[in-house]
Amino acid sequence: MSAFLNLLVYGLADGAILALAALGFVLIYKATSVINFAQGEFLLVGAYMFYTAFVVLGLPLIAAVAVGVVVATIVGVVVERFILRPMVGEDPISIIMVTIGLSMLLSALVQMFYGTSPKSQPAILPRGSVEFFGATVPLNRLLVILIAAIVLTAFTIFFRRSRHGIAMRAVADDQQAAMTMGISVRRIFALAWVLAAVSALIAGVLLADISAVDQNLAAFGLMVFPVVILGGLDSVPGTIVGGLTIGLLKQFVSGYLDPGLATVIPYVVLVLILLVRPYGIFGEQRIERV
């Protein structure tokens, strides 16, 4: 039971971070129909920007988070305005190649300024442990689950209740109809990229705190693809279910079967879901009549 509870907590923590990262992916796809292959590098950049503010500049925690949010906002706006907007109307494969190039560019910039060795960062979350049904579980993992739940709830409320959230949903449903209602589609595109960068920043900071500030953060972001395929490319609730499912599956396979198998099991799930239900569990199946 102790091992099971530890694997459960670790899996939920990993799944919560994956859900945050996948949220940005889904936001971009829903609003712009762009598949962003640079989402993992957004985690990487967010974590290193926070490291720069918190460790290198020595800013307080709140100020470092604020700096990270500002930088993430700037990155999102710049990417949308100068890289993706000129590609509007181009072939989808061309846009995908641009996002792949963007991922390589961001990774290269991080390596150029920070090198490839892991960086030491003071712990943000407490490193203690708590007794939970007879098992000792790490406190920082429980706090990661709590923080991710709060952030995901805030995003959900934003989409359902706020003016900009409703505008984003309108653009996702029908861009032409949204334009006739006076909604600026370009601003919504920029907002989607900004929110994606901010959610990746939060995921990157949490992941770096429970692991390390290094290049492996981008590799963790690759598991966003099994998450969004499982939950649905255009489903925000699906990202939560998909993230938690992949996180738990990876930890249980690692704990009870083989750690090597755990690294590939998310992609096995990806292939199986594509074969059985290409639009994901909660994805919307689009039928085009010609």
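The structure contained in this document is the topic of the report that follows. (Residues numbered from 1 in each chain as written. Predicted model: local features only at pLDDT ≥ 70, side-chain atom pairs only at ≥ 80, totals over all residues. Heavy atoms only, no water.)

### Quick look at the packing of aromatic side chains
Next, step 1: Evaluation of the coordinates by the stated rule reveals 11 aromatic pairs.
Next, step 2: With centroids separated by 5.3 Å and ring planes inclined at 25 degrees, the aromatic side chains of Phe50 and Phe54 adopt a geometry described as stacked. Highlighted residues: Phe50 and Phe54, both in helix 2 (residues 39-56), separated by four residues, approximately one helical turn. For the pair formed by Phe50 and Phe54, the shared burial category is buried.
Next, step 3: Grouping aromatic residues by their ring pairs yields a cluster made of Phe4, Phe252 and Tyr256.
Next, step 4: Stacked on the ring of Phe82, the Lys or Arg Arg81 has its end atom at 5.5 Å from the ring centre. (Phe/Tyr/Trp six-rings, centres within 6.5 Å; stacked < 30°, edge-to-face > 60°. Helix = DSSP H or I, 4+ residues; strand = E, 2+ residues; numbered from the N terminus. Buried < 20%, exposed > 50% of the residue type's maximum accessible area, 1.4 Å probe, protein only. Lys NZ or Arg CZ within 6 Å of the ring centre and 35° of its normal.)

### As for the packing of helix 1 (residues 2-32) against helix 10 (residues 224-231)
Next, step 1: Put simply, helix 1 and helix 10 touch, their axes get as near as 9 Å, and they point 70 degrees apart. Between helix 1 and helix 10, the angle is such that the two are roughly perpendicular. Along the contact surface, helix 1 presents Leu18, Ala21, Ala22, Phe25 and Val26, while helix 10 presents Val224, Phe225, Val227 and Val228.
Next, step 2: Split into classes, the residues belonging to the contact of helix 1 with helix 10 amount to nine nonpolar, no polar and no charged. (Axes fitted to C-alpha atoms, helices over the stretch in contact; angles between N-to-C directions. Parallel < 35°, antiparallel > 145°, perpendicular 65-115°, else oblique. Contact = heavy atoms within 4.5 Å. Nonpolar A, V, L, I, M, F, W, Y, C, P; charged D, E, K, R; others polar.)

### Overview of the environment of Leu139
Next, step 1: By secondary structure assignment, the location of Leu139 is in helix 5 (residues 139-161).
Next, step 2: A relative accessible area of 24% places Leu139 in the partly exposed class.
Next, step 3: Separated by 55 residues in the primary sequence, Leu139 and Val194 place their C-alpha atoms 31 Å from one another.
Next, step 4: Those residues within four positions of Leu139 in sequence are excluded, and the remaining contacts are Pro126, Gly128, Ser129 and Val130.

### Here's the deal with the pattern of salt bridges
Oppositely charged side chains can form a pair if their charged atoms are brought close together.
Next, step 1: Applying the stated criterion to the full structure yields three salt bridges.
Next, step 2: A salt bridge links Asp14 to Arg141; the nearest nitrogen and oxygen atoms lie 2.9 Å apart. Separated by 127 residues along the polypeptide, Asp14 in helix 1 and Arg141 in helix 5 bring together distant segments of the chain. Summarising the burial analysis for this pair, Asp14 and Arg141 share the class buried. (Salt bridge = Lys/Arg side-chain N within 4 Å of Asp/Glu carboxyl O.)

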